[in-house]
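Remarks on the overall topology
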Amino acid sequence: MVDVSQHDLVPEHRVVSDSELDDVLDEYNIDRTDLPKIKRTDAAVPDQAEVGDVLEIVRDSRTTDQAVVYRLVIQ
């Protein structure tokens, strides 16, 4: 079986620690539930991610070299 998360075109996905998450939420003045969502069954979601975790996704960007986005893992 092919591991889609290891494909060159899939950006890095990692689970954010609680302390890092607090900093991000404070910086943007938002709640965890205000973040865009990603399903737990998405092939790019790391195996250790659980529902309720927040993922940091680092994508290549033409304008800023790298763009960092956050997603809340849902059922």
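These notes cover the structure that comes with them.

Reading the values: rules and limits
Throughout this description, residue numbers start from 1 for each chain and increase along the sequence as written. It should be noted that, the model being predicted, local features are given only for residues of pLDDT at least 70 and side-chain atom pairs only at 80 or more, the latter also being counted only at that level, while totals for whole chains, interfaces and linings use all residues. Excluding hydrogens and water, the side-chain figures rest on all heavy atoms present in the structure. Think of it this way: any DSSP run of H or I at least four residues long counts as a helix, any run of E at least two long counts as a strand, and we number them from the N terminus. Buried residues are those whose accessible area, probed at 1.4 Å on protein chains only, stays under 20% of the maximum for their type, while exposed residues exceed 50% and partly exposed ones sit between those limits. The contact criterion used is simple: two residues touch if any of their non-hydrogen atoms lie within 4.5 Å. For accessible areas, the Shrake-Rupley method is used with a probe of radius 1.4 Å. Any residue's cover is judged against the shown protein chains and nothing else. Counted charges follow a simple rule, with Lys and Arg positive, Asp and Glu negative, and His plus the chain ends left uncounted. In this description, the location of a charge corresponds to atom NZ of lysine, CZ of arginine, CG of aspartate or CD of glutamate. Residues enter patches when their relative accessible area tops 30% and they take part in no salt bridge; the joining distance is 9 Å for like charges and 5 Å for the nonpolar side chains Val, Leu, Ile, Met, Phe, Trp and Tyr. For salt bridges, the criterion is a side-chain nitrogen of Lys or Arg within 4 Å of an Asp or Glu carboxyl oxygen.

Some remarks on the overall build of the protein
Tallying secondary structure elements over the protein gives 1 helix and 4 strands in all. Helices (α) and strands (β) of the protein occur, in sequence order from the N terminus, as β-α-β-β-β. If you line up the protein on its principal axes, its C-alpha atoms span 40 × 35 × 20 Å. Residues counted as buried form 27% of the 75 residues belonging to the protein. Considering only intrachain contacts with a sequence separation of at least 6, the fraction spanning at least 24 residues in the protein is 49%. Summed over its atoms, the accessible surface of the protein is roughly 5,600 Å², and 45% of this surface lies on carbon and sulfur atoms. Within the protein, one finds 8 positive and 18 negative side-chain charges whose respective centroids are separated by 8 Å.

Some remarks on the side chain of His 13
Looking at the secondary structure, you find His 13 in strand E1 (residues 12-15). A relative accessible area of 15% places His 13 in the buried class. When sequence neighbours within four positions are dropped, the list of residues in contact with His 13 reads Ile 38, Ala 44, Pro 46, Leu 55, Glu 56 and Ile 57.

Details of the environment of Gln 75
Here Gln 75 lies in the segment after strand E4 (65-74). For Gln 75, a relative accessible area of 72% corresponds to the exposed category. In this view, Gln 75 contacts Lys 39 and Val 51; residues no more than four positions away in its chain are not counted.

Thoughts on a negative patch on the surface
Residues Asp 18, Asp 22, Asp 23, Asp 26 and Glu 27 make up a contiguous surface patch of negative charge. Summarising the element assignment, Asp 23 is placed in helix H1 (residues 18-28). With a relative accessible area of 53%, Asp 23 lands in the exposed category.

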